[in-house]
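Chain by chain, the residues:
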Amino acid sequence: VPGQFADVPQPNPPRHRLIPKLLCRFDGASQLTWEEFQAHFENDRAYGGWDDELSKTVLLRHLTGGALQTYTAAAPTIKYGPCDAAPTIKYGPCDAAPTIKY
């Protein structure tokens, strides 16, 4: 009978979220400073109203090279904590190893 199950709730299809793209990536070795990258990230995050999960996903998609290595070597409280509580990643000269500043 057509329409027989019209009032039965149907499962929601899986939601596919597009991951926003920033205008730049951060590797810790280019001319782009962490502060410049962070300003772009925070601006797009505020404008887009990203939640913590999406913010972390976008951040990880845009870290490369030494910056990504620094993040992957970070303590679990940094990697798995809220995005707002993450320490600032600081970089010295291009030949210096990146460090995490708490």
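These numbers come from a predicted model, not from an experiment. (Residues numbered from 1 in each chain as written. Predicted model: local features only at pLDDT ≥ 70, side-chain atom pairs only at ≥ 80, totals over all residues. Heavy atoms only, no water.)

### Brief notes about the packing of aromatic side chains
Both the distance between ring centres and the angle between the ring planes are used here to describe each pair of aromatic rings.
And step 1. Taken as a whole, this structure holds four aromatic pairs when the rule is applied.
And step 2. Three or more aromatic residues link up through ring pairs in this structure, and these residues are Phe 26, Trp 34 and Phe 37. (Phe/Tyr/Trp six-rings, centres within 6.5 Å; stacked < 30°, edge-to-face > 60°.)

### As for the environment of Gln 69
And step 1. Checked against the element boundaries, Gln 69 lands in helix H3 (residues 65–72).
And step 2. The exposed category is assigned to Gln 69, whose relative accessible area is 57%. (Helix = DSSP H or I, 4+ residues; strand = E, 2+ residues; numbered from the N terminus. Buried < 20%, exposed > 50% of the residue type's maximum accessible area, 1.4 Å probe, protein only.)

### A few points about the side chain of Lys 56
And step 1. Inspection of the secondary structure puts Lys 56 in helix H2 (residues 52–61).
And step 2. Within the buried set, Lys 56 has no salt-bridge partner at all; the shortest N-O distance to an opposite charge, 4.0 Å, is to Asp 52. (Lys, Arg positive; Asp, Glu negative; His and termini not counted. Salt bridge = Lys/Arg side-chain N within 4 Å of Asp/Glu carboxyl O.)

### Structural notes on the confidence of the model for the protein chain
And step 1. For the protein chain, the mean per-residue pLDDT works out to 76, and 66% of the residues sit at or above 70.
And step 2. Taking the mean pLDDT of every element in the protein chain, the minimum, 45, falls on strand E2 (residues 99–101) and the maximum, 92, on helix H1 (residues 34–48).
And step 3. Contacts of residues 90–102 to residues separated by more than four positions or lying in other chains number 23 contacts, the stretch itself having pLDDT below 50. (pLDDT = per-residue confidence, 0-100. Contact = heavy atoms within 4.5 Å.)

### Re the pattern of salt bridges
And step 1. All chains considered together, the criterion is met by one salt bridge.
And step 2. The shortest N-O distance in the salt bridge between Arg 45 and Asp 52 comes to 3.9 Å.
And step 3. Classification of Asp 52 by relative accessible area gives partly exposed; the value is 27%.

### Quick look at the environment of His 40
And step 1. Looking at where His 40 falls in the secondary structure, it is placed in helix H1.
And step 2. Between the C-alpha atom of His 40 and that of Leu 23, which follows or precedes it by 17 residues, the distance is 7.9 Å.

### Topic: the packing of H1 against H2
And step 1. In the contact formed by H1 and H2, the axes pass within 11 Å of each other and the chain directions differ by 145°. The handedness of the crossing between H1 and H2 is right-handed. Here Trp 34, Phe 37, Phe 41 and Arg 45 of H1 come into contact with H2, specifically with Asp 52, Ser 55, Val 58 and Leu 59.
And step 2. Taken together, the residues of the contact of H1 with H2 break down into five nonpolar, one polar and two charged. (Axes fitted to C-alpha atoms, helices over the stretch in contact; angles between N-to-C directions. Left-handed = near helix turned anticlockwise from the far one by under 90°. Nonpolar A, V, L, I, M, F, W, Y, C, P; charged D, E, K, R; others polar.)

### Focus on the environment of Val 58
And step 1. The topology assignment puts Val 58 in helix H2.
And step 2. Sequence-wise, Val 58 and Lys 21 are 37 residues apart; in three dimensions their C-alpha atoms are separated by 7.3 Å.

### Quick notes on H1
And step 1. The end-to-end C-alpha distance of H1, which contains 15 residues, comes to 21 Å, matching closely the 21 Å that a straight helix rising 1.5 Å per residue would cover.
And step 2. Listed as buried for H1 are Trp 34, Phe 37, Phe 41 and Arg 45. With its buried residues spanning 70° around the axis, H1 presents them on a single face. Pointing more than 90 degrees away from the buried face of H1 are the exposed residues Ala 46 and Tyr 47. (Expected span 1.5 Å × (residues − 1). Arc of directions from axis to C-beta.)

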